[in-house]
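Notes for the structure review
Now for the letters of each chain:
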Amino acid sequence: MSDPIVLEDAAPRRAGGRRKKRFSGCLPMLVFVVIGALLIFAAFRYVVMPAWDEFFADPEDYEGPGSGEVVFVVKQGQSVPSMGDELEDLGVVASSEAFVDAAEDRDEESRGIQAGTYLLKEQMKASDVVAILVDPDNMAQATVTVPEGLRAVDVIDRLAEGTDFSKKQFERALGNTKALGLPDYAEGNPEGYLFPATYTITPGDTPASILRAMVARWEQAASDLDLEAAAEEVGYEPHEIMTVAALVQAEGRGRDMSKIARVIYNRVENPGTAGQAGYLQIDATVDYALGRPLTVGLTQEERETAPGPYNTFRNTGLPPGPIGNPGEEAINAALNPADGEWYYYVTVNLNTGRTKFAESYEEFLTYQQELRDWCDEHPDVC
């Protein structure tokens, strides 16, 4: 009988015994499924969920209370969504949707928003904006523009002319300086701190609130310019900077302002240089000492005899305080004087305001003669 036939394995066994297994055809499919699941998860996590969250999230809104001033006009028949779009464009609210939602929370009142002018701020909370618009007492009745350089007494006249309040009412409010919010270094004197701007007057305003708003507007400008820190860099106290700014405002415009500031600092800091003795000799201070508006035709006698510490022909250095209320441009010039060795300046054309700056007394005299010649040709102006 023949021996039995033994069939050999197709694959040799490894030493140690067990046969190597083949990979199952299911494994690639499993890998494909896992990768697909990961891709679906990633799409859901980074595409679907953000869109879902954004769709259901509260609309963007500012925390408030806001800053600055924005005049907003509600037009006759204007819809709430239209107001929201305009308020968003003006930077008052973060989104029109937040305003519309806040208005819907006060639906009955919001449907009664009256056409008119309202004073708002930038970056306000939407609900705060709605609270202002639904109250008719917040509707502006008038606007008053206070130009740069006016003295406090002239500011009062301008406010009395532009509102229903009397000059005496404003004078009483101005006299209560503790209620105005003046900085400590003003020492209770509002001169220089009634910021020139256009102010919206509402039915709820009083003379005191209007004057406080002017001081608050000055505070905003001082903050924007970082007044206290910048004054320290220049080497002067903030109140001295405001004094210089008022002198600059009275004496120049535009690019000449920083040069005039430099002349003032040069004279104060270097008495006896270039033929001057530390006297600023600014005509506007004489007008202030005499209690009258700026004039061109001061006499030499008035310069030499006008009483008080504000006359810079009789007193060296800076006057004790501002001689008017400067704007932001003049304050900035006082904080950033031009570089130069000028000690004199003369406006040689009173129509155009062209001003020339001199480093010596001799050069100054030539510019003075140029002004005289111009005045001879324009006697109606001089």
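Treat the numbers as computed from the prediction; the structure is a model and nothing was measured.

What counts and how
Each chain has its residues counted from 1, following the order in which its sequence is written. Only residues with pLDDT of at least 70 are given local features in this predicted model, and only at 80 or more are side-chain atom pairs given and counted; all residues enter the totals for whole chains, interfaces and linings. The side-chain figures draw on all heavy atoms in the structure; neither hydrogens nor water molecules are used. Think of a 1 Å grid over the protein atoms and nothing else: a 1.4 Å probe that fits but is trapped marks a cavity, an open set flanked by protein within 12 Å on at least five of seven lines marks a pocket, and residues with an atom within 4 Å of a point count as lining. Grid points are joined across faces, edges and corners, and a volume is the space filled by probe spheres set on the points. Here a helix means four or more residues in a row that DSSP labels H or I, a strand means two or more in a row labelled E, and each is numbered from the N terminus. Ten residue types, Ala, Val, Leu, Ile, Met, Phe, Trp, Tyr, Cys and Pro, are classed as nonpolar, four, Asp, Glu, Lys and Arg, as charged, and the remainder, Gly among them, as polar. Accessible area is worked out with a 1.4 Å probe on protein chains only. A residue is then buried under 20% of its type maximum, exposed over 50%, and partly exposed in between. In this description, strands pair whenever DSSP reports at least two bridges between them. Only heavy atoms matter for contacts: two residues are in contact if any of them lie within 4.5 Å across the pair. The disulfide criterion used throughout: a pair of cysteine sulfur atoms within 2.5 Å. pLDDT runs from 0 to 100 and stands for how confident the predictor is about each residue. Definition of nonpolar core: a set of buried residues of the types Ala, Val, Leu, Ile, Met, Phe, Trp, Tyr and Cys, connected through side-chain atoms within 4.5 Å. Inter-axis angles, ranging from 0 to 180 degrees, are taken between N-to-C directions of lines fitted to C-alpha atoms, where helices are fitted over the stretch in contact. In this scheme, roughly parallel covers angles under 35 degrees and roughly antiparallel covers those over 145, while 65 to 115 is roughly perpendicular and the rest are oblique. For a crossing to be left-handed, the near helix must be turned anticlockwise from the far one by less than a right angle; the clockwise case is right-handed. Arc, as used here, means the arc of the directions from the helix axis to the C-beta atoms. In the sections that follow, a salt bridge refers to a side-chain nitrogen of Lys or Arg positioned within 4 Å of a carboxyl oxygen of Asp or Glu. Patch membership requires over 30% relative accessible area and the absence of a salt bridge. Like charges are linked within 9 Å, and nonpolar side chains (Val, Leu, Ile, Met, Phe, Trp, Tyr) within 5 Å. The Shrake-Rupley method, run with a 1.4 Å probe sphere, supplies the accessible areas, and residue values consider only the shown protein chains as cover. His is not counted here, nor are the chain ends, while Lys and Arg score as positive and Asp and Glu score as negative. To locate a charge, take NZ of a lysine, CZ of an arginine, CG of an aspartate or CD of a glutamate.

What follows deals with the layout of surface pockets. One way to see where empty space is left: roll a probe the size of a water molecule over the atoms. Computed from the structure, the second largest pocket encloses a volume of approximately 590 Å³. Top contributing element to the lining of the second largest pocket by residue count: helix H8 (residues 207-224), with 7 residues. For the lining of the second largest pocket, the residue count by class is 9 nonpolar, 8 polar and 5 charged.

For the rest of this paragraph, the subject is the pairing of strand S7 (residues 354-358). Counting buried positions along S7 gives 4 out of 5 residues, so the element sits mostly inside the fold. Where strand S6 (residues 344-349) and S7 come together, 5 bridges link them in antiparallel fashion. In the strand pairing of S7, tyrosine 344 is matched with alanine 358. Adjacent in sequence and paired antiparallel, S6 and S7 are bridged by 4 residues, among which glycine 353 carries a positive phi angle near 80 degrees.

With that settled, the discussion passes to the environment of proline 136. In this fold, proline 136 is placed in the loop between helix H5 (126-133) and strand S3 (139-140). Separated by 23 residues in the primary sequence, proline 136 and isoleucine 113 have C-alpha atoms spaced 7.7 Å apart. Setting aside its immediate chain neighbours within four residues, proline 136 contacts Gln114 and Pro203.

Right, let's talk about the state of the cysteines for a bit. Considering all chains together, one arrives at 1 disulfide under this definition. Between the sulfur atoms of cysteine 375 and its disulfide partner cysteine 382 the distance amounts to 1.9 Å. Here cysteine 375 and cysteine 382 share a disulfide; its torsion about the S-S bond, -75 degrees, makes the bridge left-handed.

Here we take up the confidence of the model for the protein. Summing up the model confidence of the protein, the mean pLDDT is 88 and the portion of residues at 70 or higher is 85%. Confidence, read as mean pLDDT per element, is least for helix H1 (residues 26-56) in the protein (58) and greatest for helix H14 (residues 328-335) (98).

Before going further, it helps to spend a moment on the environment of valine 144. Tracing the chain through its elements places valine 144 in strand S4 (residues 142-145). Along the backbone, valine 144 and leucine 159 are 15 residues apart, and their C-alpha atoms lie at a distance of 6.7 Å. Among all residues touching valine 144, those that are not within four sequence positions of it are Arg158, Leu159, Gly162, Thr163, Ala197, Thr198, Tyr199 and Ile201.

With 60 residues, the main nonpolar core has Leu159, Leu211, Val248 and Ile331 as its most contacted residues. In contact with isoleucine 331, not counting residues within four places along its chain, are Phe195, Trp218, Leu225, Leu227, Met242, Ala245 and Pro326.

With their axes 9 Å apart at the nearest point, helix H10 (residues 238-251) and helix H11 (residues 256-269) run at an angle of 125 degrees to one another. Between H10 and H11, the crossing angle belongs to the class labelled oblique. Helix-helix and strand crossings are classified by hand; for H10 and H11 the assignment is right-handed. Together, Ile241, Val244, Leu247, Val248, Gln249 and Glu251 of H10 and Met257, Ile260, Ala261, Ile264 and Tyr265 of H11 make up the contact between the two elements.

Bringing helix H6 (residues 152-162) into the picture now. Of all the residues in H6, the buried ones are Ala152, Val155, Ile156, Leu159 and Ala160. Looking straight down H6, one finds that the buried residues subtend no more than 135 degrees of arc, so they occupy a single side.

Here we come to the pattern of salt bridges. One side chain can pair with another of opposite charge once the charged atoms of both are near each other. All chains considered together, the criterion is met by 10 salt bridges. Residues arginine 151 and aspartate 154 are paired through a salt bridge, measuring 2.9 Å at the closest nitrogen-oxygen approach. What emerges from the salt-bridge pattern is a single network uniting Asp287, Arg292 and Glu302.

Right, let's get into a negative patch on the surface. Taken together, Asp58, Glu60, Asp85, Glu88, Asp89, Glu97, Asp101, Glu104 and Asp105 make up a surface patch of like negative charges. Looking at the negative patch, the elements that each hand over two or more residues are helix H2 (80-89) and helix H3 (96-105). In terms of residues, the negative patch owes the most to one element, H3, which gives 4 residues. Locating glutamate 60 in the fold gives a position in the loop between H1 and strand S1 (67-74).

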